[in-house]
Amino acid sequence: MKLKLACIAFSLVFLIGCKTTQASSRQPYIGNNAPINSNSTFDPFTSSDSATPIQSPVSSGSAGLSTATCVEGSQDICDIEVEIYKQVNVLRLAGSKSNFNIPFFSRNYDPTNPLSFDAKASWVAREWSKEQARKGNIGHQGFGSGAREKSFMAKFGQSINFTSENVAYNGGARSGLAADIAKQFMNQWINSSGHLANIMGRHDFIAVGIAKDSDGYYYGTQLFGRN
């Protein structure tokens, strides 16, 4: 299974970015060629902290987004997007006090606010995932110059403020279930300090966009922002 991910984050005074490339042995690597701890996995549904309530736009017991909530996305893709959103909030609400086996939690992330889900911004994230799928590669081209905000404005006639972006791609999950595909993306992101920092950062909302290429690989984009 091929795995690849990259992340970028902005603050008022400096830029933090990281990229992960894929070695020929298909062992995941982070940007400085130090191997990722691929044995660390995130399972929000078996952790002792997984019962923490999450304020979510989906009804209780439903894994999917309603047609009205998901902007121009197919139901199977929207299901993966909202599962990633839910798993992000499990992680944020648990913080470093959880029993998740995440090496970068040595940074002592405190429990923090759950994020709201922005369906319109998720359209932007999905369009970027589609573009990466078409190219067969991932990256943050245009993020620093406001391309995502411009795309949002062109589509919805509104302004928005994106502060961070995570991207990745993978071969999905054998089960084909939205929750398992979401966990595959989450396991990639949490095993990189830069991606995890974005997930646990000071944000108000998250947007998630997934695309699938003709070979069956999934491309994912997380956009974080402030109101």
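Conventions and cut-offs
- Residues numbered from 1 in each chain as written.
- Predicted model: local features only at pLDDT ≥ 70, side-chain atom pairs only at ≥ 80, totals over all residues.
- Heavy atoms only, no water.
- Phe/Tyr/Trp six-rings, centres within 6.5 Å; stacked < 30°, edge-to-face > 60°.
- Lys NZ or Arg CZ within 6 Å of the ring centre and 35° of its normal.
- Core = buried A, V, L, I, M, F, W, Y, C linked by side-chain atoms within 4.5 Å.
- Buried < 20%, exposed > 50% of the residue type's maximum accessible area, 1.4 Å probe, protein only.
- Helix = DSSP H or I, 4+ residues; strand = E, 2+ residues; numbered from the N terminus.
- Salt bridge = Lys/Arg side-chain N within 4 Å of Asp/Glu carboxyl O.
- Contact = heavy atoms within 4.5 Å.

I'd like a rundown of the packing of aromatic side chains, residues and numbers included.
All chains considered together, the criterion is met by 6 aromatic pairs. Taken together, the aromatic side chains of Trp123, Phe152 and Phe156 make up a single cluster linked through ring pairs. Between Arg148 and the ring centre of Trp128, over which it is positioned, the NZ or CZ distance is 4.1 Å.

Go over the nonpolar core, please, and point to the residues and values.
Within the largest apolar cluster, 39 residues are counted, with the highest numbers of intra-cluster contacts made by Ile84, Phe162, Phe185, Met186 and Ile199. Mapped onto this core, the elements with two or more residues apiece are α1 (75-94), α2 (119-135), β4 (162-170), α4 (178-190), α5 (193-199), β5 (205-212) and β6 (218-225).

Which residues make up unusual backbone geometry, and what values go with them?
Of note, the phi angle at Glu72 is positive, near 60°, even though the residue is not glycine. Examined against the element boundaries, Glu72 turns out to sit in the loop between β2 (15-20) and α1. Judged by relative accessible area, which is 53%, Glu72 ranks as exposed.

Please give an account of the pattern of salt bridges that cites residues and values.
Here the structure, examined in full by the defined rule, presents 9 salt bridges. The partner of Asp180 in a salt bridge is Lys183, and the shortest N-O contact between them spans 3.6 Å. Of the two residues, Asp180 and Lys183 both sit in helix α4, 3 residues apart, roughly one turn of that helix. Under the relative-accessibility criterion, Lys183 is labelled buried at 16%. For Arg226, the salt bridge identified is with Asp204, shortest N-O distance 3.4 Å. Taken together, the positions of Arg226 in the segment after β6 and Asp204 in the loop between α5 and β5 put the pair 22 residues apart, joining distant regions of the chain. What makes Arg226 partly exposed here is its relative accessible area of 33%. Take Asp204: its relative accessible area is 25%, and that puts it in the partly exposed class.

Give me the environment of Gln222: which residues, what numbers.
Looking at the element boundaries, Gln222 is found in strand β6. Overall, the relative accessible area of 0% leaves Gln222 in the buried class. In this structure the C-alpha to C-alpha distance between Gln222 and Asn166, which are 56 residues apart in sequence, comes to 5.0 Å. Look past the residues within four positions of Gln222 in its chain and what remains in contact with it is Ile84, Val88, Ser164, Glu165, Asn166, Met186, Trp189, Ile199, Ile206 and Ala207.

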